[in-house]
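# Coordinate analysis (summary)
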Amino acid sequence: MDHEVSSAIERRRSGLARVRAVTSLTLAAGLVLTGAFAALAARSTHVVRHVVQRAAPTHRAHASPSAGAVVAPPPPLVSIASPSAQASPPPAPTQAPAPAPSAATTPPVAVSGGS
Amino acid sequence: VNATESFEAIGTTAVVVVARPAALRPAAETLRVELDRLDRACSRFRVDSELSRANARNGRAGAVGTLLATAIRAAVSAAESTDGLVTPTLGRHLRAAGYDRTYRAVRDRGGWTFVPEAPHVDAWREIRLDESGLLTLPAAVELDLGATAKALAADRAARRIASEHDTGVLIALGGDVAVAGDPPPGGWAVRVADDHRGQLDGPGPVVAISSGGLATSSVAARRWPTSEGEQHHVFDPRTGRSAETCWRRVSVAARTCLRANAASTAAIVLGRKAPAWLEERGLPALLVGADDTCVHVCGWPAAEAR
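The present account deals with the structure reproduced in this document. (Residues numbered from 1 in each chain as written. Chains lettered and ligands numbered in written order. Predicted model: local features only at pLDDT ≥ 70, side-chain atom pairs only at ≥ 80, totals over all residues. Heavy atoms only, no water.)

### Description of the sheet that holds strand β4 (residues 128-129) of chain B
All names here are of chain B. Read from one edge to the other, the open sheet built from 3 strands follows the order β3-β5-β4, with strand pairing classed as antiparallel. Strands at the two margins of the open sheet, each flanked by one partner only, are β3 (62-63) and β4. Of the strand pairs in this sheet, β4 and strand β5 (residues 134-136) are connected by 2 bridges, and their pairing is antiparallel. In the strand pairing of β5, Arg128 is matched with Thr136. (Pairing = 2+ DSSP bridges. Helix = DSSP H or I, 4+ residues; strand = E, 2+ residues; numbered from the N terminus.)

This is the structure:
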């Protein structure tokens, strides 16, 4: 009777040990896979960033003027649309907001007034 | 360091400011040449100008030169963009009001008997100008290009100077300012005032522009007495006399000085509807009322709206 009980307990212990081993292996495999995916994702992001960073100068090189051509300068950074204009859909090209004046940081060089 | 030269021309003050001081002398000479050509082509006060000869033809066709043709097309485009609020066809009405010579001579005359005439508001639509420069005006219509020719000249001179003399440049002709080329750091600082003859350190806000143009129309300058009361030079094409307006001055920034001038003049004529009209067109503006009330539109720096 005692022997049978001991055997049953031993079988149960060995069964639990197998379950633990399988669980550990599964967890380890999961961690390895997660790490691999993370590394892959990081590498992909790096590649995308790299492409984006390199794309700009390539595009600008294509957009640069040919000899003798006249190309309008890019819009000034001080260009500001009104809050309502910014909230509405982009205006048609013919109604694009004009460049707004900015607060002056230097003394005036001219006067705009009635003539 | 900028370099500046100013001189009197076309009945107002011409100012050229260059970012490269070595370019000042040739830039000023270019501006003088441009303004001399403009005066001979477009002045209403010279009997020998092309415009005076065209006005005298009274509906008969005649050839005009390239510059006058360009100025007429610019004036018609201003009329189109303002729905006729700024029209080149008020020469006869200005003359009837006594503005038939330079402003200094009008002011010094001391008085005038003004008999207003009802204008034909759509006369500008009947101007015919073909590609060869053959111009036909409606009968009894006389052109006055003062509202737009000066702004056009500022745009043209600024572009030409920047291109030919390799410098950033600001041109100011009366209230009309145009810039071209590379601006100085922070942009070109311009004071806005009732009168273009105001001092650089006088009253009025100071703003900076880096491209395009800035124009100010004011009813505080160019006023003269008549039998119909004091008149000013911003005429309403619907009445044929000085615009009755709630604004003392309107300043507008635009992609060109010509557009800015047309819009600021239209805003004076429109009166209370002007802020919404400017907002619809995306034009930054500062409107100052007769009672000093300020309205700023489309990104005009609020702190400077005084």
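From this point, things continue past the structure.
### Let's talk about the sheet that holds strand β2 (residues 12-18) of chain B
Residue and element names in this part refer to chain B. Spatially, the 8 strands line up as an open sheet ordered β1-β2-β6-β7-β10-β15-β16-β17, and their pairing is antiparallel. A single partner strand is all that each edge strand has here, and the edge strands are β1 (3-9) and β17 (294-297). Here the strands of the sheet are splayed against their neighbours by 10 degrees on average, with no regard to which way each runs. As paired elements, strand β6 (residues 169-173) and strand β7 (residues 176-180) share 5 bridges and run antiparallel to each other. Following the sheet pairing, Ala172 is matched in β7 by Val177. Here helix α1 (residues 24-42) sits on the sheet in contact with β1, β2 and β6, set at roughly 20 degrees to β1. (Axes fitted to C-alpha atoms, helices over the stretch in contact; angles between N-to-C directions. Contact = heavy atoms within 4.5 Å.)

### As for the pattern of salt bridges
Working definition: two side chains of opposite charge can pair if their charged atoms are close together. Residues and elements named next belong to chain B. Summed over all chains, the structure comprises 24 salt bridges over all chains. A salt bridge links Arg238 to Asp236, with the shortest nitrogen-to-oxygen separation between them at 3.0 Å. Since its relative accessible area comes to 48%, Arg238 is described here as partly exposed. A salt bridge links Glu280 to Arg281, with the shortest nitrogen-to-oxygen separation between them at 3.4 Å. (Salt bridge = Lys/Arg side-chain N within 4 Å of Asp/Glu carboxyl O. Buried < 20%, exposed > 50% of the residue type's maximum accessible area, 1.4 Å probe, protein only.)

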